[in-house]
Amino acid sequence: MTTGSQTPTQPLSGPVEDYLKAIYDLERDTQPAATNDIAERLAISPASVSGMMRRLAEQGLITHEPYRGARLTDDGRRAALRTLRRHRILECYLTEVLGYPWDRVHDEAERLEHAASEELIERMADALGDPVHDPHGAPIPSREGVVEETPRRTLADVAAGERVRVRQVMDDDGERLRYLAELGIRPGSILRVLDRAPFDGPITLWVGDGAGNVTRAVGPALGAQVFVESLSAE
Ligand SMILES: [Zn+2]
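Rules behind the numbers
- Residues numbered from 1 in each chain as written.
- Predicted model: local features only at pLDDT ≥ 70, side-chain atom pairs only at ≥ 80, totals over all residues.
- Heavy atoms only, no water.
- Donors = N, O, S within 2.8 Å, 3.2 Å for Na, K, Ca; no water.
- Tetrahedral: all angles 85-135°; square planar, octahedral: opposite > 155°, others 65-115°.
- Salt bridge = Lys/Arg side-chain N within 4 Å of Asp/Glu carboxyl O.
- Helix = DSSP H or I, 4+ residues; strand = E, 2+ residues; numbered from the N terminus.
- Buried < 20%, exposed > 50% of the residue type's maximum accessible area, 1.4 Å probe, protein only.
- Contact = heavy atoms within 4.5 Å.
- Expected span 1.5 Å × (residues − 1).

Undergrad: Where do I start with the coordination of the zinc ion in this structure?
TA: Each pair of donors in an ideal four-coordinate tetrahedral metal site encloses 109.5 degrees, whereas pairs in an ideal six-coordinate octahedral site enclose 90 or 180 degrees. At 1.8 to 2.2 Å from the zinc ion lie its protein donor atoms, namely His-87 (NE2), Glu-91 (OE), His-106 (ND1) and Asp-171 (OD). Considering all four donor atoms around the zinc ion, angles at the metal cover 89 to 156 degrees and the coordination shape is irregular.

Spelled out as structure tokens, the structure:
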């Protein structure tokens, strides 16, 4: 067991950790994270978000610019990454050791991530051989808070003729995960886009690599939940 954490781990409340995770994620798309987007992400009113923003700023976890939004400070970012590490190690442990299916671990991890001690998480990580991705392909921040994020390109951005590998799928909806699994779309799957209908119509694709290819169609909204890397274009 190593104790890699360099920051004094002041315990943060579950809601604070959820805010920091939401801001971390939103900041990657649009900087800074807008109050309305945080509210939507956490399913709470913008008015309560504003109150919490002030408290997070007082604790030195974010800087908050009125009318523009929030940015994490270094402390805030470290705390967000610690929570993401806990969440993703828990998901790995639940699937690999306890046999949970991949569509049922996210909600459990959302609850447990606020309660699990650093020691428990690090023992789980050791038992798993220090995994680097969770069951949905999301990168697991290291003990030191280093993470290599998945590029934001999704299946909805892929042109006809291109071959891609699935890197990560969004894990917040179990039904969506079950459907993606039915289609054969998981981290590591090879897809080839055959055709794209105009006006947000379906994306027709091959799933698989080689003789076992099957043709599937997904809508662009579903495609936007699947992060991919390009393999080749022909
Ligand atoms: Zn999750």
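There's plenty left to go through after this.
Undergrad: Honestly, the pattern of salt bridges in this entry has me stumped. Any pointers?
TA: Working definition: two side chains of opposite charge can pair if their charged atoms are close together. Taken as a whole and assessed by the stated rule, the structure comprises 23 salt bridges. Between Arg-178 and Asp-103 there is a salt bridge whose closest N-O contact spans 2.7 Å. Note that Arg-178 is positioned in helix H7 (residues 174-183) and Asp-103 in the loop between helix H4 (74-96) and helix H5 (105-112), a separation of 75 residues in sequence. Judged by its relative accessible area of 16%, Asp-103 is buried. Through salt bridges that share partners, Arg-85, Glu-122, Asp-126, Asp-130 and Arg-143 make up one connected network.

Undergrad: Even after reading the chapter, I still don't get the environment of Leu-26, so can you show me in this structure?
TA: Relative to the assigned elements, Leu-26 resides in helix H1 (residues 14-29). Counting along the chain gives 129 residues from Leu-26 to Leu-155, while the straight-line C-alpha distance between them is 20 Å. Excluding anything up to four places from it in sequence, Leu-26 contacts Ala-33, Asp-37, Ile-38 and Arg-41.

Undergrad: Can you help me understand H4 in this one?
TA: The periodicity of an α-helix, 3.6 residues per turn, causes residues three or four positions apart to be oriented the same way. Relative to the 33 Å expected for 23 residues at 1.5 Å per residue, H4 spans 32 Å between its end C-alpha atoms, a close match to the ideal helical length. Burial within H4 is extensive, with 17 of its 23 residues counted as buried.

Shape descriptors only; they carry no functional weight alone.
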